[in-house]
There are 2 protein chains.
Amino acid sequence: MGTTQLETVPEPKYWHLKTVLSDALDSEFAVGEILPNERELAARFGVARATLRQALEQLELEGRLQRRRGVGTTVAPPRFGVGIGPAGEGPFADAEGGWQTEGGGETVPPAAVARLLETPAGARVFALRRTRVTHGQPVATELLYVPEQAVPEETPEGDEAARRVLAALGRLGLESQERSVELGSVRAEDARRLDRLPGAPVLVVTTRYAAQDGPAVVAVSTYRADTCRLTFADSGAEALAG
Amino acid sequence: MGTTQLETVPEPKYWHLKTVLSDALDSEFAVGEILPNERELAARFGVARATLRQALEQLELEGRLQRRRGVGTTVAPPRFGVGIGPAGEGPFADAEGGWQTEGGGETVPPAAVARLLETPAGARVFALRRTRVTHGQPVATELLYVPEQAVPEETPEGDEAARRVLAALGRLGLESQERSVELGSVRAEDARRLDRLPGAPVLVVTTRYAAQDGPAVVAVSTYRADTCRLTFADSGAEALAG
DNA sequence: AAGTGGTCTAGACCACCCC
DNA sequence: GGGTGGTCTAGACCACTTG
């Protein structure tokens, strides 16, 4: 075998392109700077626009780029860390994390949530919607599901009810919490709140809080995957949070 | 305004397709079942193959489908939970999580890791590679970065060295840990280990463990985002782990 | 060899933003 | 109105797996 590197498979064009662009971003562009448009970039690299777009999509997935229809493609700032989990005074405090409640009412939760709450399928619970804003932009939207018995007072609809339920949760004695994180794509409804197109990648955080007598709340939080790094401080430290 | 719903923007075809397919998956297909091939599906729905593929990509991102080149598209089983964080005897125990060490040696860590370790840029550390197997398939690959002073003995290269460093870590008194989770795409090197194509979405978990005298280890773990749900048990409970 | 998903092309039109 | 990214098409070829 006189050849040196035959077993190497040809790298896909878009993959190589991604590497080249990534290096260029590091060396030749500043955060916030706007890139040449897709048609020009494609021409410059001698590929079809679709191929170029495949590379850009990857870079956007990694949080390196930000693309906005009608505007252009800009170099994204590094992801910022958003704190998840036991922080500050209570898990439902508005102020700390930048949460802003938007209303609530009774609904039938999704089956997966009902299972976590250990309520019968089809049973109604109180659902509370809130959105989290950090660094001046929306990073997450959340639905809190509270079984009726956990909020014993009369609960009307709307913002006022939401605030009252939230306050009641703050007074609750929570014993434990379990949490899971998985990849999802943003549903049409949440997309608007997060200022993204439907289908954009999100990190879905599901948390179940339990009181002495069983599950008290299930929170389903949807975080923008492009701009956020979720941080967990398990033992009082917080250096990854930058 | 005699019209009922004019402000509704026409839904993209691939988005609508995704919904239709998603419903079909729930009602007409069993886990593991193989779907008709892309060319036929595209014809059946009257769209171009590229458009169909956009819908399939979304469903794969959500863990509903699994596509393998040369084989076909199958219905994926529900994601399984993999435990992250303080579990069992120690954070570096092989047995519990299915970790399998693959070797190690000295290297210069990436800048981001050096910053977390608080070592000077360009300083060499010991890097240990291991891979995690659950439910019979690889779910994660990890690089553990250990500054030299934390492993004071002489450290040769290879598997033997890795095992020795791992044992030393087990004896270390760790005081705290901080963790972050973000979306990434798998690098070519890790792709093989995880049995995925380069660029596939992954959840990158970065953990810094500290001992009394400062940072002791930084672990960068790369989890398959299509098959895994990361679970965190913060207060002794573990019901989301299923 | 046949069949699958993965890559790539060249072009068109649309939705959105800003001037 | 003019420019941007987002969607969509119809076709070609390639890499991989399986009989």
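On a predicted model such as this, the values are computed, not experimentally measured, just so you know.

K.L.:
Teacher, can you tell me more about the protein's contact with DNA strand D here?
P.N.:
Within the structure, DNA strand D sits among 27 residues, and Asn37(A), Arg49(A), Arg53(A), Lys13(B) and Thr51(B) are positioned closest to it. Taking the atoms of DNA strand D that fall within 4 Å of the protein, sugar and phosphate contribute 67% of them. Within the side chain of Arg67(A), an N or O atom sits 3.4 Å from a phosphate oxygen of DNA strand D. Here Ala48(B) contributes a backbone N or O atom positioned 2.8 Å from a phosphate oxygen of DNA strand D. Of all the secondary structure elements, the ones that give two or more residues to the surface near DNA strand D are helix H2 (38-45), helix H3 (49-61), strand E1 (65-68) and strand E2 (72-75) of chain A together with helix H1 (13-28) and helix H3 (49-61) of chain B. Considering each element in turn, the surface near DNA strand D owes the most residues, four residues, to H3(B). Its residues assigned to classes, the surface near DNA strand D shows nine nonpolar, seven polar and 11 charged.

K.L.:
What should I look at first to understand the environment of Gly173(B) in this one?
P.N.:
Residue and element names in this part refer to chain B. Note on placement: Gly173 falls in the loop between helix H6 (158-171) and strand E7 (174-185). Using a relative accessible area of 52% as the deciding quantity, one classes Gly173 as exposed. In this structure, the C-alpha to C-alpha distance between Gly173 and Phe80, residues 93 residues apart in sequence, is 31 Å. Those residues in contact with Gly173 that sit more than four places away from it in its chain are Ala211 and Gln212.

K.L.:
Quick question: what am I supposed to make of the packing of helix H1 (residues 13-28) of chain A against H3(A) here?
P.N.:
All names here are of chain A. Across the interface, H1 lies against H3 with an axial gap of 8 Å and an inter-helix angle of 55 degrees. Between H1 and H3, the interaxial angle falls into the category oblique. For the crossing formed where H1 meets H3, the hand is right-handed. Note on element contacts: H3 touches H1 through Thr51, Leu52, Gln54, Ala55, Leu56, Gln58 and Leu59, opposite Lys13, Tyr14, Trp15, Leu17, Lys18, Leu21 and Ser22. Residue composition of the contact of H1 with H3, grouped by class: eight nonpolar, four polar and two charged.

K.L.:
In this structure, what is going on with the relation of the copies chain B and chain A? I would like to understand it.
P.N.:
One copy of the chain maps onto the other through a rotation about an axis plus a displacement along that axis. Mapping chain B onto chain A calls for a rotation angle of 180 degrees and an axial translation of 0.0 Å; the resulting RMSD is 0.0 Å. Each copy turns onto its partner about a two-fold axis. Comparing contact sets, 98% of the residues at the interface of chain B also lie at the interface in chain A, consistent with an isologous, same-surface contact.

K.L.:
Looking at this model, I keep getting lost on the sheet that holds strand E9 (residues 214-224) of chain A. Mind explaining?
P.N.:
Adjacent strands of a sheet pair through backbone hydrogen bonds, lying either parallel or antiparallel. The strand order E4(A)-E5(A)-E6(A)-E9(A)-E8(A)-E7(A)-E10(B)-E3(B) describes an open sheet built from eight strands, whose pairing is mixed. The two strands at the open ends of the sheet, each matched to only one other strand, are strand E4 (99-107) of chain A together with strand E3 (80-84) of chain B. Ignoring strand direction, the axes of neighbouring strands in this sheet form an average angle of 20 degrees. With 10 bridges joining them, strand E5 (residues 125-134) of chain A and strand E6 (residues 137-147) of chain A adopt antiparallel strand pairing. Paired with Arg132(A) across the bridge in E6(A) is Ala140(A).

K.L.:
Help me understand unusual backbone geometry in this model?
P.N.:
Among all residues except glycine, the phi angle is most often negative; among peptide bonds, the trans geometry is most common. Look at Asp195(A): it is not a glycine, yet its phi comes out positive at around 60 degrees. We classify Asp195(A) as exposed; its relative accessible area is 59%.

K.L.:
Would you mind going over the packing of aromatic side chains with me for this structure?
P.N.:
Aromatic rings in a pair are described by how distant their centres are and how their planes are angled relative to each other. Under the definition given, this model contains three aromatic pairs over all chains. Judged by centre distance (6.5 Å) and plane angle (85 degrees), the rings of Tyr14(B) and Trp15(B) are edge-to-face. In this structure, Arg130(A) packs its charged tip against the face of Trp99(A), placed 4.5 Å from the ring centre.

K.L.:
I keep staring at H2(A) and nothing clicks. Help me out?
P.N.:
One full turn of an α-helix is made of 3.6 residues, so residues set three or four places apart face in the same direction. Residue and element names in this part refer to chain A. All buried positions along H2 are accounted for by Glu38, Leu41 and Ala42. Along the axis of H2, the buried positions cluster into a sector of 100 degrees, meaning they face one direction only. Away from its buried face by more than 90 degrees, H2 exposes Arg39, Ala43 and Arg44. Considering only its buried residues, H2 is in contact with H3 and E1.

K.L.:
I would appreciate a short explanation of the packing of helix H2 (residues 38-45) of chain B against H3(B) in the present structure.
P.N.:
The angle between the axes and the distance between the axes are what describe a pair of packed helices. Residues and elements named next belong to chain B. Running from N to C, H2 and H3 cross one another at 105 degrees; their axes reach a closest spacing of 9 Å. As far as their axial angle goes, H3 and H2 are roughly perpendicular. Residues Glu38, Arg39, Leu41 and Ala42 of H2 lie in contact with H3, whose contacting residues are Arg49, Leu52, Arg53 and Leu56. Looking at the contact of H2 with H3 residue by residue, the classes come out as four nonpolar, no polar and four charged.

K.L.:
Can you help me understand the sheet that holds strand E10 (residues 228-233) of chain A in this one?
P.N.:
If you trace the eight strands from one edge of the open sheet to the other, you get E3(A)-E10(A)-E7(B)-E8(B)-E9(B)-E6(B)-E5(B)-E4(B), paired in mixed fashion. What marks the edges here is a single partner per strand, and that holds for strand E3 (80-84) of chain A together with strand E4 (99-107) of chain B. Each strand axis lies, on average, 20 degrees off the axis of its neighbour in the sheet, ignoring direction. For E7(B) and strand E8 (residues 201-211) of chain B, the ladder comprises 11 bridges, and the chain directions are antiparallel. Residue pairing in the sheet places Ser176(B) in a bridge with Ala210(B) of E8(B).

K.L.:
For this particular structure, what's the right way to read the interface of chain B and chain A?
P.N.:
The parts lose accessible area when they come together, and the size of an interface is often stated as this lost area. Across the boundary between the two partners, chain B contributes 41 residues, which contact 40 residues of chain A. Contact between chain B and chain A buries roughly 3,300 Å² in total, counting both sides, with carbon and sulfur atoms accounting for 60%. Summed over the shared surface of chain B and chain A, the number is two salt bridges. The partner of Glu182(A) in a salt bridge is Arg79(B), with the nearest N and O atoms 2.8 Å apart.

K.L.:
Where do I start with H1(B) in this structure?
P.N.:
Compared with the 22 Å implied by 1.5 Å per residue over 16 residues, the 21 Å span of H1(B) between its first and last C-alpha is a close match. Buried-residue contacts for H1(B) involve strand E7 (174-185) and helix H7 (188-194) of chain A together with H2, H3, strand E1 (65-68) and strand E2 (72-75) of chain B.

K.L.:
Explain the pairing of E5(A) to me, please; I cannot follow it from the model alone.
P.N.:
Across a regular strand the side chains alternate sides, sitting on one face of the sheet and then on the other. Residue and element names in this part refer to chain A. Most of E5 is tucked away, with nine of its 10 residues classed as buried. Across eight bridges, the pairing between E4 and E5 is antiparallel. Its bridge partner lying in E5, Glu106 is registered against Phe126. The hairpin formed by E5 and E6 contains two residues between the paired strands, and His135 there has a positive phi angle of roughly 50 degrees.

Thresholds applied
- Residues numbered from 1 in each chain as written.
- Chains lettered and ligands numbered in written order.
- Predicted model: local features only at pLDDT ≥ 70, side-chain atom pairs only at ≥ 80, totals over all residues.
- Heavy atoms only, no water.
- Near = heavy atom within 4 Å.
- Polar contact = N/O pair within 3.5 Å; in protein donor to acceptor, adjacent residues only side chain to side chain.
- Helix = DSSP H or I, 4+ residues; strand = E, 2+ residues; numbered from the N terminus.
- Nonpolar A, V, L, I, M, F, W, Y, C, P; charged D, E, K, R; others polar.
- Buried < 20%, exposed > 50% of the residue type's maximum accessible area, 1.4 Å probe, protein only.
- Contact = heavy atoms within 4.5 Å.
- Axes fitted to C-alpha atoms, helices over the stretch in contact; angles between N-to-C directions.
- Parallel < 35°, antiparallel > 145°, perpendicular 65-115°, else oblique.
- Left-handed = near helix turned anticlockwise from the far one by under 90°.
- Least-squares fit on C-alpha atoms with pLDDT ≥ 70 in both.
- Pairing = 2+ DSSP bridges.
- Phe/Tyr/Trp six-rings, centres within 6.5 Å; stacked < 30°, edge-to-face > 60°.
- Lys NZ or Arg CZ within 6 Å of the ring centre and 35° of its normal.
- Arc of directions from axis to C-beta.
- Buried area = accessible area lost by both parts, 1.4 Å probe.
- Salt bridge = Lys/Arg side-chain N within 4 Å of Asp/Glu carboxyl O.
- Expected span 1.5 Å × (residues − 1).

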